[in-house]
Amino acid sequence: QKEVEQDPGPLSVPEGAIVSLNCTYSNSAFQYFMWYRQYSRKGPELLMYTYSSGNKEDGRFTAQVDKSSKYISLFIRDSQPSDSATYLCAMIVIQGAQKLVFGQGTRLTINP
Amino acid sequence: GAVVSQHPSRVICKSGTSVKIECRSLDFQATTMFWYRQFPKQSLMLMATSNEGSKATYEQGVEKDKFLINHASLTLSTLTVTSAHPEDSSFYICSGLIAQETQYFGPGTRLLVL
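Per the secondary structure count, chain A includes zero helices and 11 strands. Along chain A, helices (α) and strands (β) appear in the sequence β-β-β-β-β-β-β-β-β-β-β when read from the amino end. Computed over its C-alpha atoms, the radius of gyration of chain A comes to 14 Å, within 12% of the 13 Å expected for a compact globule of 112 residues. Within chain A, the proportion of its 112 residues that are buried is 44%. Within chain A, contacts between residues at least 6 apart in sequence are counted, and of these 54% link residues at least 24 apart. For chain A, the exposed area adds up to about 5500 Å²; of that, 46% sits on carbon and sulfur atoms. Counting 11 positive and 10 negative side-chain charges, chain A places the centres of these two groups 7 Å from one another.

Now the structure itself:
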């Protein structure tokens, strides 16, 4: 079993829809949770990060963490074609090597 | 967010030659940098952790003699692919660590070995 599971998609939705992206994890020691967006042939761009259970909002993006269920989500409201990208969840244990553990990434397409 | 640059953005080389990729943190000091490689439609695979002034720590299965990492300053880390072969063709991405948990990634370097 992978430490972080993420549905690779692809996921295709119409413009304006609410998008829900999810990851589950097995290591209860993970302390920080991130979402990265990666456009084709580019490096990942940090969208959001959080360390506590609950919701964190930034513009059209909301990150949700449920540590009891080991489940995190990213919601995108009013999705735009420019949101089309691969979204990667990532998690980290602070102590020790500080290595990010990535999900497989979900390919998202927003259709105009 | 913090800015990390990589140079070159893409490189084509002949089999057997060596290629150096630079990773720079432009607006912060990165005591720790990471090197990843990414194959098409796959997630990032960590190759090594680079700490300024010390030897890099390589992930299992990554040949340290083939992928030479130097982190001589707080803003520059380099990855040299020695005696490159076609199977080394990939997308190489670096990141710089801020605080204890946040990594900012470079734009990546696409390597094609002929």
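Turning next to the sheet that holds strand E7 (residues 61-66) of chain A. All names here are of chain A. Strand order in the open sheet made by the five strands is E1-E3-E8-E7-E6, with antiparallel pairing throughout. What marks the edges here is a single partner per strand, and that holds for strand E1 (4-6) and strand E6 (54-58). Here the strands of the sheet are splayed against their neighbours by 20° on average, with no regard to which way each runs.

Another aspect to go through is the pattern of salt bridges. Going through the model one piece at a time under the given rule, you end up with six salt bridges over all chains. Close ionic contact of Glu57 of chain A with Arg77 of chain A constitutes a salt bridge, the shortest N to O distance being 3.4 Å. Here Glu57 of chain A is found in strand E6, whereas its partner Arg77 of chain A is found in the loop between strand E8 (71-76) and strand E9 (85-92), with 20 residues between them in sequence. Here Glu57 of chain A falls in the exposed class, since its relative accessible area comes to 59%. Judged by its relative accessible area of 28%, Arg77 of chain A falls in the partly exposed class. Here Arg24 of chain B ties to Glu22 of chain B by a salt bridge, and the two come within 3.5 Å at their closest N and O atoms. By relative accessible area, Glu22 of chain B is classed as partly exposed at 24%.

Moving on: the environment of Ser43 of chain B. Relative to the helices and strands, Ser43 of chain B is located in the loop between strand E4 (32-38) and strand E5 (45-51). Sequence separation between Ser43 of chain B and Ser18 of chain B is 25 residues; the distance between their C-alpha atoms is 25 Å. Among all residues touching Ser43 of chain B, those that are not within four sequence positions of it are Leu88, Phe102, Gly103 and Gln104 of chain A together with Arg37 and Gln38 of chain B. A distance of 2.8 Å separates a polar atom in the side chain of Ser43 of chain B from the backbone oxygen of Gly103 of chain A.

This part is about the nonpolar core. Considering soluble globular proteins, one finds that nonpolar side chains tend to be buried as a cluster. With 43 residues, the main nonpolar core has Met34, Tyr36, Leu100 and Phe102 of chain A together with Tyr36, Phe105 and Leu111 of chain B as its most contacted residues. With five residues, strand E9 (residues 90-98) of chain B is the single largest residue contributor to this core. Not counting the four nearest positions on each side in its chain, Leu111 of chain B is found in contact with Val11, Cys13, Val19, Val81, Asp88, Ser89, Ser90 and Tyr92 of chain B.

Reading guide: rules and limits
- Each chain has its residues counted from 1, following the order in which its sequence is written.
- Chain A is the first chain written and ligand 1 is the first ligand written, with later ones labelled in order.
- Predicted model: local features are reported for residues with pLDDT of at least 70 only, side-chain atom pairs are reported and counted for 80 or more only, and whole-chain, interface and lining totals are derived from all residues.
- The basis for the side-chain values is all heavy atoms of the structure; hydrogens and waters are excluded.
- Under the DSSP-based scheme used, a helix requires at least four consecutive residues in state H or I and a strand at least two consecutive residues in state E, with every element numbered from the N terminus.
- Put simply, the radius of gyration uses C-alpha atoms, and a globule should come to 2.2 Å times the residue count raised to 0.38.
- Between buried and exposed lies partly exposed: a residue is buried under 20% and exposed over 50% of the maximum accessible area for its type, with that area taken using a 1.4 Å probe on protein chains only.
- The contact definition used throughout considers only heavy atoms, calling two residues in contact when any of these lie within 4.5 Å.
- Only the protein chains shown count as cover for residues, with accessible areas throughout obtained via the Shrake-Rupley method and a probe of 1.4 Å.
- In summary, the charge assignment counts Lys and Arg as positive and Asp and Glu as negative, without counting His or the chain termini.
- For this purpose, a charge sits on NZ of Lys, CZ of Arg, CG of Asp or CD of Glu.
- Between any two strands, pairing holds if DSSP finds at least two bridges.
- Note on geometry: axes are lines fitted to C-alpha atoms, helical ones only across the stretch in contact, with angles between N-to-C directions running from 0 to 180 degrees.
- Here, a salt bridge means any side-chain nitrogen of Lys or Arg that lies within 4 Å of a carboxyl oxygen of Asp or Glu.
- Whenever two N or O atoms come within 3.5 Å, that pair is a polar contact, provided that in protein one can donate a hydrogen and the other can accept it, and provided that, for residues adjacent in sequence, both atoms are side-chain atoms.
- As used here, the term nonpolar core means buried Ala, Val, Leu, Ile, Met, Phe, Trp, Tyr and Cys residues forming a set that is joined through side-chain atoms within 4.5 Å.

In short, shape yes, function no, at least from these values alone.
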